[in-house]
2 protein chains.
Amino acid sequence: MNELNFRINKNKFYNALSVANRAVSSNSPIPALSGIRIDAAEGKLILTASDVNTSIKAELCSDQDDSLGLNIIQEGSIVIDAKYLMDIVKKIDSEDISVSIIDGTLTHFAGQKAEFKINGYRPEDYPVIDFSEPSVNIDFKYSVLSSLISETAFAASVKETRPVLMGVNLKSDGSTLTCTATDSYRLARKTVSVESEQFSVTVPARTLFDARSIFQDSEDVRVALNQKKIQFIGNGIVLQSNLLEGGYPETDRLIPKEFSRRLVINRLSLIQAIDRTSFIKTDNMTIIRLQINSSDDISLSNKSQEIGESHESLNAVSYEGEPIDISFSGTYVSDAVKALSSENVTVSFTGEMKPFIIQNDAEDKTLLQLVLPVRTYN
Amino acid sequence: MNELNFRINKNKFYNALSVANRAVSSNSPIPALSGIRIDAAEGKLILTASDVNTSIKAELCSDQDDSLGLNIIQEGSIVIDAKYLMDIVKKIDSEDISVSIIDGTLTHFAGQKAEFKINGYRPEDYPVIDFSEPSVNIDFKYSVLSSLISETAFAASVKETRPVLMGVNLKSDGSTLTCTATDSYRLARKTVSVESEQFSVTVPARTLFDARSIFQDSEDVRVALNQKKIQFIGNGIVLQSNLLEGGYPETDRLIPKEFSRRLVINRLSLIQAIDRTSFIKTDNMTIIRLQINSSDDISLSNKSQEIGESHESLNAVSYEGEPIDISFSGTYVSDAVKALSSENVTVSFTGEMKPFIIQNDAEDKTLLQLVLPVRTYN
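On a predicted model such as this, the values are computed, not experimentally measured, just so you know.

A. The overall build of chain A, seen in detail. When helices and strands are counted, chain A shows six helices and 26 strands. The buried share of chain A, reckoned over its 378 residues, is 41%. Counting contacts in chain A only where the partners sit at least 6 residues apart, residues at least 24 apart contribute 66% of the total.

Here is the structure:
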């Protein structure tokens with residue numbers, strides 16, 4: 001017979017439910033996956049949510065947090081629709097909330113004067129999720145992991161035509177971790193020093209964005225992986241995702257090593273100039289033409305038959321090399337420049353129809369953004 | 001030949017464009033209506049936008065505002081797509097923006113280093129809009145007009161099946177203005193003292209919400225009307241709308257005058273209790289059952305076959321009359337109570353299947369909210 005009875009601080013419970021809720025799938029063929037599974041046992045509350053590919057486990061344990069106010073009167077398990085559960089816990093009229101099974105899957109939630117009886121799902125109908133920790137692992141500072149994600153994951157593809165490009169490739173040679181994302185029109189690459197075994201895995205960009213949000217309050221995050229799955233672990237939370245299958249393309253040869261021209265320009269002024277002209281689109285793309293003669297003769301323009309045209313003159317910190325006349329997607333260059341962080345950024349060109357790279361500093365080889373030019377007929 | 005050349009403060013221009021933009025229609029059969037018309041003449045800039053039913057005119061005049069920085073070098077007119085115009089003016093790289101016609105409808109916008117050439121529409125292709133002021137008028141304090149709108153317009157219908165119910169009926173007997181909105185399941189009525197001719201007109205609720213937003217910074221707003229249209233006038237802005245056609249239903253007889261039971265209850269606690277249970281829906285409606293035996297024996301409950309049920313006990317300030325067991329739409333009662341403003345609200349009942357009214361205070365006859373009960377088979 002199903003039993004369960006516990007009491008817990010409303011806000012702490014709600015925060016943990018909000019984390020788990022990220023993995024809830026709203027339209028799964030398995031009805032129980034629209035719920036969050038609650039297990040109370042051995043003085044701990046474990047929340048589980050999954051959309052099959054991504055799963056989250058959040059543990060709440062009084063030992064680690066006095067203000068949790070967790071009191072398990074009767075151990076047990078239930079699955080409750082995530083929408084209803086979040087709504088009840090958020091709005092309950094008291095600091096603590098009581099949760100107990102009345103009959104079968106009918107679950108009682110009580111605050112001070114408000115109470116709810118909600119039909120849940122049987123825990124037996126919830127898929128078994130293997131949260132065992134893979135053996136290869138790396139310990140990150142959250143700040144390092146978070147930067148790494150922000151600097152690369154945006155460049156992954158959003159098209160499902162080549163699923164492996166929807167992820168970020170993490171490749172370790174034992175001492176350096178290289179993180180690469182590309183949608184085949186642009187590429188972002190970041191390297192960090194690590195100590196680990198060698199591996200090469202591709203993690204869905206969505207999982208990385210989830211990790212960046214979920215572990216905001218954690219100082220450290222452990223990443224554990226094998227050839228099938230990856231886990232992010234910290235603060236009593238495990239975020240687990242299947243890896244993307246298929247070989248990740250060899251991208252090293254795409255990145256030019258020699259450059260004929262180099263522009264150093266204020267990061268914000270470049271972002272703003274592109275943003276100003278982004279409403280002028282051709283075939284739904286903002287195609288920007290950059291013409292550089294010298295550091296004080298730079299023009300950025302954009303033209304559309306239908307809408308009109310824009311023109312802006314820019315001043316650079318410096319420019320070395322022959323004049324250049326090159327066109328590119330405004331969105332791609334803007335995304336790339338936004339993912340950098342220094343006051344001035346360095347743009348290195350090899351030719352008008354060759355990929356160019358954008359870096360915080362030409363000397364800093366750990367982070368680069370690459371963009372392919374667009375052919376135009378101006 | 002088309003000419004135009006002026007300079008104006010970017011922020012002031014943008015704010016006026018934002019007001020006008022509310023009337024721009026994104027999918028009009030008349031292409032020019034996707035634009036905002038700009039007329040520069042006699043030291044003034046006039047912005048016009050319209051979706052045929054609703055039109056807005058905003059005048060910018062240096063005489064009234066030094067910081068406007070308006071300098072008209074060449075009088076003239078142009079129509080520019082509202083989206084592009086808003087985007088350019090918002091992001092231009094200088095405090096002032098220059099606007100001039102280069103050739104035909106090709107219009108030049110210039111900041112400091114950024115410039116745009118945008119294809120506009122010919123002013124001759126923009127419909128002529130008659131902004132002549134109707135003769136019947138009432139001067140309102142903005143605060144009075146704004147309350148009147150917030151207290152009634154939400155109760156208008158959103159269904160197009162009976163267009164006249166999508167408006168608020170304004171009826172003046174010469175000394176009292178009665179504002180009524182109903183979707184035939186609920187009704188809101190507010191009366192204010194006025195001095196005016198007698199009239200009865202029905203104004204689209206959307207126009208009233210626009211007026212509430214547009215004139216936020218105006219102390220006074222003049223309302224002018226005839227049998228065809230209504231205008232809201234203040235701060236150099238005219239918001240004009242066609243009235244809804246068709247006789248407004250006679251609603252006086254719907255409002256009960258005698259009551260057998262009266263509940264006085266804390267406004268916020270009632271709103272919160274309804275909000276807590278609003279996720280429990282039957283046929284997409286939150287149907288709440290209120291059972292009152294005495295001021296300290298009140299229960300609010302909600303039940304759905306599929307989801308489950310809620311129960312909450314409430315304390316009232318007072319209750320007079322026989323016990324009652326009544327069901328209603330939680331949304332309707334919540335909307336009505338939110339439109340009131342006193343700490344405690346009074347709910348007056350005549351019977352379990354009769355409309356009930358909710359007021360700030362039973363003695364205050366100027367504002368009432370009426371809701372029809374729902375028949376249930378609990």
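Let us keep going from here.
B. Geometry of the relation of the copies chain A and chain B. Its rotation angle being 180°, the transformation that places chain A on chain B also includes 0.0 Å of axial translation and leaves an RMSD of 0.0 Å. Taken together, the rotation and translation relating the two chain copies correspond to the operation of a two-fold axis. Identified as the residue of chain A closest to the rotation axis by C-alpha distance is Ser26 of chain A, at 16 Å. Looking at the interface residues of chain A, 100% of them are also at the interface in chain B, so both copies use one shared face.

C. Focus on the domain arrangement of chain A. All names here are of chain A. Under the domain assignment used here, chain A contains domain 1 (5-125), domain 2 (139-247) and domain 3 (255-371). Using C-alpha coordinates to define each centre, domain 2 is positioned 27 Å away from domain 3. Breaking the side of domain 2 that touches domain 3 down by element, the ones donating at least two residues are helix H3 (142-152) and strand S13 (186-193). The leading source of residues in the side of domain 2 that touches domain 3 is S13, at six residues. Class assignment for the residues of the side of domain 2 that touches domain 3 results in four nonpolar, two polar and four charged.

D. Main features of the nonpolar core. Counting residues in hydrophobic clusters, the biggest one holds 105 residues, and the most contacted among them are Ala20, Ile36, Leu45, Leu47, Ile56 and Val168 of chain A. By size, the runner-up hydrophobic cluster in this structure holds 104 residues, among which are Phe6, Ala23, Leu177 and Val371 of chain B.

E. Examining the packing of helix H3 (residues 142-152) of chain B against helix H4 (residues 205-214) of chain B more closely. Residues and elements named next belong to chain B. The N-to-C vectors of H3 and H4 enclose an angle of 140°; their axes lie 10 Å apart at closest approach. Accordingly, the angle class assigned to the pair H3 and H4 is oblique. Crossing of H3 over H4 shows left-handed handedness. In this structure, H3 contributes Ser146, Ile149 and Ser150 to the contact, and H4 contributes Leu208, Phe209, Ala211 and Arg212. Its residues assigned to classes, the contact of H3 with H4 comprises four nonpolar, two polar and one charged.

F. Expanded view of the interface of chain A and chain B. With 21 residues of chain A at the contact, the number on the chain B side is 21 residues. Among the secondary structure elements, those contributing two or more residues to the side of chain A that touches chain B are helix H2 (82-91), strand S9 (114-119), helix H5 (267-276) and strand S21 (308-314) of chain A. Residues belonging to the side of chain A that touches chain B are distributed by class as follows: six nonpolar, five polar and 10 charged. As judged from the five bridges shared by S21 of chain A and strand S9 (residues 114-119) of chain B, these two strands associate in the antiparallel manner. Across the sheet, residue His311 of chain A finds its bridge partner in S9 of chain B, namely Glu115 of chain B.

G. Geometry of the environment of Phe356 of chain B. All names here are of chain B. Locating Phe356 in the fold gives a position in strand S25 (residues 356-359). Taking the C-beta count within 10 Å as the criterion, Phe356 has 25 such neighbours and is therefore assigned buried. Setting aside residues no more than four positions away along its own chain, Phe356 makes contact with Val347, Ser348, Phe349 and Val371.

H. Quick peek at the pairing of strand S11 (residues 167-172) of chain A. All names here are of chain A. Burial analysis of S11 places five of its six residues in the buried class, which makes it a mostly covered element. Alignment of S11 against strand S14 (residues 199-204), held across six bridges, turns out to be antiparallel. Counted as the bridge partner of Gly167 is Pro204 from S14. By the bridge criterion, four bridges tie S11 to strand S12 (residues 176-182) in an arrangement that is antiparallel. Across the sheet, Asn169 pairs through a bridge with Thr180, a residue of S12. The antiparallel pairing of S11 with S12 creates a hairpin that spans three residues between the two strands, and Gly174 there sits at a positive phi of about 110°.

I. Highlighting helix H1 (residues 10-21) of chain B. All names here are of chain B. If you check H1, its first and last C-alpha atoms are 16 Å apart, about what 12 residues at 1.5 Å a residue would give, namely 16 Å. Listed as buried for H1 are Phe13, Ala16, Leu17, Val19 and Ala20. Down the axis, H1 shows its buried residues gathered within 155° of arc, on one side only.

J. Representation of the confidence of the model for chain A within the structure. The pLDDT averaged across chain A works out to 96; a share of 99% of its residues lies at or above 70. Predicted complex, confidence summary: ipTM 0.91, pTM 0.93.

K. Geometry of the sheet that holds strand S11 (residues 167-172) of chain B. All names here are of chain B. The strand order across the open sheet formed by nine strands is S14-S11-S12-S13-S26-S25-S24-S18-S22, and the pairing between neighbours is antiparallel. Looking at which strands have only one partner, the edges of the open sheet turn out to be strand S14 (199-204) and strand S22 (318-320). Put simply, the sheet's adjacent strands are angled 20° from each other on average, direction ignored. Strand direction decides the pairing type here: strand S18 (residues 261-266) and strand S24 (residues 344-349), joined by six bridges, are antiparallel. Paired with Asn266 across the two strands is Asn344, which belongs to S24. On the sheet, H4 packs against S11, strand S12 (176-182) and S14 and is oriented at approximately 80° with respect to S14. Sheet strands touched by helix H5 (residues 267-276): S18 and S24. Its angle to S18, the strand with the most contacts, is close to 90°.

L. Representation of unusual backbone geometry. Residue and element names in this part refer to chain B. Phi at Ser184 takes a positive value of approximately 80°, unusual for a residue other than glycine. Tracing the sequence through the fold places Ser184 in the loop between S12 and strand S13 (186-193). C-beta crowding within 10 Å serves as the criterion here: with 13 such atoms nearby, Ser184 is assigned to the partly exposed category.

M. Here's a closer look at the sheet that holds strand S7 (residues 96-103) of chain B. Judged by pairing direction, the sheet is antiparallel, and its nine strands sit side by side in the order S23(A)-S19(A)-S20(A)-S21(A)-S9(B)-S8(B)-S7(B)-S1(B)-S5(B) without closing on themselves. Strands with a single pairing partner mark the edges of an open sheet, and in this sheet they are strand S23 (324-329) of chain A together with strand S5 (71-74) of chain B. Averaged over all pairs of adjacent strands, the angle between their axes in this sheet comes to 15°, without regard to strand direction. Summarising the sheet, strand S1 (residues 5-9) of chain B and S5 of chain B pair through three bridges and their orientation is antiparallel. In the sheet register, Arg7 of chain B faces S5 of chain B, and the bridge partner there is Asn71 of chain B.

N. Quick peek at the packing of H5 of chain A against helix H6 (residues 330-338) of chain A. All names here are of chain A. One can describe the packing of H5 onto H6 by two numbers: an axis separation of 10 Å at closest approach and a directional angle of 155°. If you check the angle between H5 and H6, you find them roughly antiparallel. Note that H5 runs across H6; the crossing there is left-handed. The residues of H6 that touch H5, namely those facing Arg267, Leu270, Ile271, Ile274 and Asp275, are Gly330, Val333, Ser334, Val337 and Lys338. A class-by-class count of the residues in the contact of H5 with H6 yields five nonpolar, two polar and three charged.

O. Spotlight on the environment of Val264 of chain A. All names here are of chain A. Considering the arrangement of structural elements, one finds Val264 in strand S18 (residues 261-266). With 52 residues separating them along the chain, Val264 and Ala316 place their C-alpha atoms 6.1 Å apart. Val264 has contacts with Ala316, Val317, Ser318, Asn344 and Thr346, leaving out every residue within four places of it along the chain.

P. Representation of the environment of Val144 of chain B within the structure. As for its placement among the helices and strands, Val144 of chain B is situated in helix H3. When the 15 C-beta atoms within 10 Å are taken as the criterion, Val144 of chain B is described as partly exposed.

What counts and what doesn't
- Residues numbered from 1 in each chain as written.
- Chains lettered and ligands numbered in written order.
- Predicted model: local features only at pLDDT ≥ 70, side-chain atom pairs only at ≥ 80, totals over all residues.
- Helix = DSSP H or I, 4+ residues; strand = E, 2+ residues; numbered from the N terminus.
- Buried ≥ 20, exposed ≤ 12 C-beta atoms within 10 Å, placed from the backbone.
- Contact = placed C-beta atoms within 7 Å.
- Least-squares fit on C-alpha atoms with pLDDT ≥ 70 in both.
- Domains from an automatic or database assignment.
- Nonpolar A, V, L, I, M, F, W, Y, C, P; charged D, E, K, R; others polar.
- Core = buried A, V, L, I, M, F, W, Y, C linked by C-beta atoms within 7 Å.
- Axes fitted to C-alpha atoms, helices over the stretch in contact; angles between N-to-C directions.
- Parallel < 35°, antiparallel > 145°, perpendicular 65-115°, else oblique.
- Left-handed = near helix turned anticlockwise from the far one by under 90°.
- Pairing = 2+ DSSP bridges.
- Expected span 1.5 Å × (residues − 1).
- Arc of directions from axis to C-beta.
- pLDDT = per-residue confidence, 0-100.

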